[in-house]
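# Tertiary structure, described
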Amino acid sequence: MASSQCCANPPTLSSTCGQGGVEDVGGLKTYITGPSDSKLAVLLVSDVYGYEAPNLRKLADKIAAAGFYVVVPDFFYGDPFVPNNPKRPVQGWIKDHELDKGTEDAKAVIAALKSKGISAIGAAGLCWGAKVVVELGKQSLIDAAVLCHPSFVTVDDIKDNCLDHQTMGPTCTNSLPEDSIHILRLKLPLPYLEPRLTAFLHQSW
């Protein structure tokens, strides 16, 4: 579940930040960066603050600089979480943005990427987005996965995932229950488990 730490240090959102631009991908407004002729794509699934978080776009630009075509969709349809709103706390916001819907939207994005000739797709999910990435991995829709401070990820998610240790990781584990961490330790070599990332990840995306 999302913890109080997940909502600490919220970003100042900006629709114009980043080196890329915004286009429609799979029916979603999407921040796109990187070489358009690349056959390798990375899908970034945001935390509750959405695709206009400057640090998230900086991360996308950095990945793009390595030669990847990077997409950061707006899974919240212009409705990211707004902190310090007593009428709509994070748990209430989450009810309006179900993870099943996020997964279905991600499938549409992946289909759009493949239609333009992308041959391999990796995905990274942050907090809320990690669960979406896990579901994509369980359905063999992606070729690699990274989970950053994952929320809502269960033991069964880890057990059932089609991705092995060569294609799943690194994973920041601090927000996972101990039984899930145990399964990850069996599935992944120790270098893929990165609890020390927490302090950095709390500099919110």
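Refer to the structure presented above.
Residues numbered from 1 in each chain as written. Predicted model: local features only at pLDDT ≥ 70, side-chain atom pairs only at ≥ 80, totals over all residues. Heavy atoms only, no water.

## A few points about the overall build of the protein
Broken down by element type, the protein carries 7 helices and 7 strands. Listed by position from the N terminus, the elements making up the protein come as β-β-β-α-β-α-α-β-α-β-α-β-α-α. Taken over 205 residues, the protein has a buried fraction of 50%. Long-range contacts, defined as pairs at least 24 residues apart, comprise 66% of the intrachain contacts of the protein with a sequence gap of at least 6. When the accessible surface of the protein is summed, it comes to about 9,500 Å², and 55% of that surface belongs to carbon and sulfur atoms. (Helix = DSSP H or I, 4+ residues; strand = E, 2+ residues; numbered from the N terminus. Buried < 20%, exposed > 50% of the residue type's maximum accessible area, 1.4 Å probe, protein only. Contact = heavy atoms within 4.5 Å. Areas by Shrake-Rupley, 256 points an atom, 1.4 Å probe, with all protein chains shown as cover.)

## What about the pairing of strand β5 (residues 120-126)?
Summarising burial for β5: 6 of the 7 residues are buried, a large majority. Where strand β3 (residues 40-45) meets β5, 6 bridges bridge the pair, whose relative direction is parallel. Residue pairing in the sheet places A41 in a bridge with I121 of β5. Pairing between β5 and strand β6 (residues 144-148): 5 bridges, direction parallel. Looking across to β6, one finds that L126 is bridged to C148. (Pairing = 2+ DSSP bridges.)

## What to know about the environment of L141
Looking at the secondary structure, you find L141 in the loop between α4 (128-138) and β6. Among the residues examined, L141 registers a relative accessible area of 24% and is labelled partly exposed. With 20 residues separating them in the primary sequence, L141 and I121 have C-alpha atoms 8.2 Å apart.

## Topic: the nonpolar core
Counting 37 residues, the largest nonpolar core has L43, F75, L113, W128 and I142 as its most contacted members. Counting residues per element, the ones that place at least two in this core are β2 (28-33), β3, β4 (69-73), α2 (90-95), α3 (99-115), β5, α4 and β6. Counting residues per element, this core draws most heavily on α4, at 6 residues. (Core = buried A, V, L, I, M, F, W, Y, C linked by side-chain atoms within 4.5 Å.)

## Structural notes on α3
Over its 17 residues, α3 runs 24 Å from end to end, which matches the ideal 24 Å to within 8%, given 1.5 Å per residue. Among all positions in α3, only L99, G102, T103, D105, A106, V109, I110 and L113 are buried. Looking straight down α3, one finds that the buried residues subtend no more than 165 degrees of arc, so they occupy a single side. Pointing more than 90 degrees away from the buried face of α3 are the exposed residues D100 and S115. The inward-facing, buried residues of α3 contact β1 (21-25), β2, β3, β4, β5 and α4. Count one or two residues on from α3 and you reach G117, which has phi positive near 100 degrees. (Expected span 1.5 Å × (residues − 1). Arc of directions from axis to C-beta.)

## Here we look at the pairing of β4
Judged by how many residues are buried, β4 sits mostly within the fold: 5 of 5 residues are covered. The alternating pattern of β4 places Y69, V71 and P73 and V70 and V72 on opposite faces, both of which are buried. With 3 bridges connecting them, β3 and β4 associate as parallel partners. Across the sheet, L43 pairs through a bridge with V71, a residue of β4. Handedness of the β-α-β unit built from β3, helix α1 (residues 54-64) and β4 comes out right-handed. (Right-handed = clockwise from strand over helix to strand, strands pointing away.)

## Topic: the packing of α3 against α4
Relative to each other, α3 and α4 sit at 60 degrees, their axes nearing to 9 Å. In terms of orientation, α3 and α4 fall into the oblique class. Note on packing geometry: the crossing formed by α3 with α4 is right-handed. When α3 is examined against α4, the residues L99, G102, T103, A106, K107 and I110 are found in contact with a partner set consisting of W128, K131, V132, E135 and L136. For the contact of α3 with α4, the residue count by class is 6 nonpolar, 2 polar and 3 charged. (Axes fitted to C-alpha atoms, helices over the stretch in contact; angles between N-to-C directions. Parallel < 35°, antiparallel > 145°, perpendicular 65-115°, else oblique. Left-handed = near helix turned anticlockwise from the far one by under 90°. Nonpolar A, V, L, I, M, F, W, Y, C, P; charged D, E, K, R; others polar.)

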